[in-house]
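# Coordinate analysis (summary)
Spelled out, the chains give:
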Amino acid sequence: MPETTSTTSPVPVPGSAADVVRTWDARADHYLRLFRDELESKPFDLEALDAFAGRVVPGGRVYDAGCGPCGHVTQFLADRGLDVLGIDLSPRCVALARRERPDCRFAVQDQRTITEPLDGLVAYYSLHDQPRAGLPATLASWAAALRPGGRLLVVAKEGTNDGVVDDPLGSDLQVYWAEFTEYELRRAAGNASFRVDTCTVREAYENEIPTRRIYLAATRAA
């Protein structure tokens, strides 16, 4: 009998770039419906983002790393006079963000391979799709991209989960889900030549996943 060749694409390795694209392309529209206006009910987050924007040099070049389909963080920073680009691995997320925020700029790009010189970078819940073991390399790549004195803001959910779970956002997918401790974030930032300025933990708001949030603000050392 003649040999047959399967046309079924292999399932990407959980937590890989291909896996991030697969899962986020599939749930981007669902996420947009849930979180399009989330900042309106999160005063702590607004204060943290506003403080970050105030520390970046006026008109500085900033990346919103892992911008997702809402583009709300990109919009917030652009409204404060910064030169912002929202980046995401998921083409569907980028397409939706462009539709939602037509006055802002977005591009398909891996947050782990940034090479453009930056004055600031925000990672607003964008670390959860990759294994915790990749945190040091990601922080090191951000440090390499940021100019000395450049500002970093990382927002992440607190915990020790690190693996495939049922989607906490309520889709029917299984997704990679990583959480971090304050110590892990501080250590990775310090090892990557960042000076940690503040690291604050808050409880979840009533309408959020019941997990504490960590807000780490740091400066790229000379």
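Before reading further, recall that the structure is shown in the block above.
Predicted model only: the values in this text are computed from it and were never measured.

### Regarding the overall build of the protein
Of the regular secondary structure elements, the protein holds six helices and nine strands. Radius of gyration (C-alpha) of the protein: 17 Å, near the 17 Å computed for a compact globule of 222 residues. Dimensions of the protein, computed from C-alpha atoms along their principal axes, come out at roughly 70 × 35 × 35 Å. Expressed as a percentage of the 222 residues in the protein, the buried residues total 51%. Total accessible area on the protein stands at roughly 10,500 Å², and carbon and sulfur atoms take up 51% of it. For the protein, the distance from the average position of its 25 positive side-chain charges to the average position of its 32 negative side-chain charges is 4 Å.

### What to know about unusual backbone geometry
Phi at Y125 is positive, roughly 60 degrees, even though this residue is not glycine. The residue Y125 is located in the loop between strand 4 (118-124) and helix 5 (135-145) in this model. Given the relative accessible area of 13%, Y125 is considered buried. Even without a glycine there, the phi angle at S193 is positive, about 75 degrees. Tracing the sequence through the fold places S193 in the loop between helix 6 (182-191) and strand 8 (194-202).

### Here we look at the sheet that holds strand 3 (residues 105-108)
Judged by pairing direction, the sheet is mixed, and its seven strands sit side by side in the order 3-2-1-4-5-9-8 without closing on themselves. Here the strands that pair on one side only, and so sit at the sheet edges, are strand 3 and strand 8. Direction aside, the axes of adjacent strands within the sheet are offset by 15 degrees on average. Both strand 2 (residues 83-88) and strand 3 contribute to a ladder of four bridges, which runs parallel. Looking at the pairing, L85 lines up with R105 of strand 3. Of the strands in this sheet, strand 4, strand 5 (146-157), strand 8 and strand 9 (213-220) are in contact with helix 5, which crosses strand 5 at around 145 degrees.

### Details of the layout of surface pockets
Volume-wise, the largest pocket comes out at about 650 Å³. Looking at the largest pocket, it is lined by 36 residues, and the ones nearest its centre are W24, Y31, Y124, Y125 and L169. If you list the elements that add at least two residues to the lining of the largest pocket, you get helix 1 (17-35), helix 3 (72-78) and strand 2. In terms of residue count, helix 1 provides more of the lining of the largest pocket than any other element does, six residues in total. The residue inventory of the lining of the largest pocket, partitioned by class, reads 15 nonpolar, 10 polar and 11 charged. Taken as a whole, the second largest pocket holds about 160 Å³ of empty space. Considered class by class, the residues forming the lining of the second largest pocket number two nonpolar, two polar and seven charged.

### Notes on the nonpolar core
The tendency in soluble globular proteins is for nonpolar side chains to be buried side by side. Counting 31 residues, the largest nonpolar core has L121, L139, W142, L152, L185 and F194 as the members making the most contacts within it. Beyond its immediate stretch of four places on either side in the chain, L121 contacts F52, V62, Y63, A65, I114, W142, L146, R151, L152 and L153. With 19 residues, the next largest nonpolar core counts V62, L82, V122 and A217 among its residues.

Parameters at a glance
Residues numbered from 1 in each chain as written. Predicted model: local features only at pLDDT ≥ 70, side-chain atom pairs only at ≥ 80, totals over all residues. Heavy atoms only, no water. Helix = DSSP H or I, 4+ residues; strand = E, 2+ residues; numbered from the N terminus. Rg over C-alpha atoms; globule rule 2.2 N^0.38 Å. Buried < 20%, exposed > 50% of the residue type's maximum accessible area, 1.4 Å probe, protein only. Areas by Shrake-Rupley, 256 points an atom, 1.4 Å probe, with all protein chains shown as cover. Lys, Arg positive; Asp, Glu negative; His and termini not counted. Charge placed at Lys NZ, Arg CZ, Asp CG, Glu CD. Pairing = 2+ DSSP bridges. Axes fitted to C-alpha atoms, helices over the stretch in contact; angles between N-to-C directions. Contact = heavy atoms within 4.5 Å. 1 Å grid on protein atoms, 1.4 Å probe; cavity = no way out; pocket = protein on both sides within 12 Å on 5 of 7 lines; lining within 4 Å. Points joined across faces, edges and corners; volume = space filled by probe spheres on them. Nonpolar A, V, L, I, M, F, W, Y, C, P; charged D, E, K, R; others polar. Core = buried A, V, L, I, M, F, W, Y, C linked by side-chain atoms within 4.5 Å.

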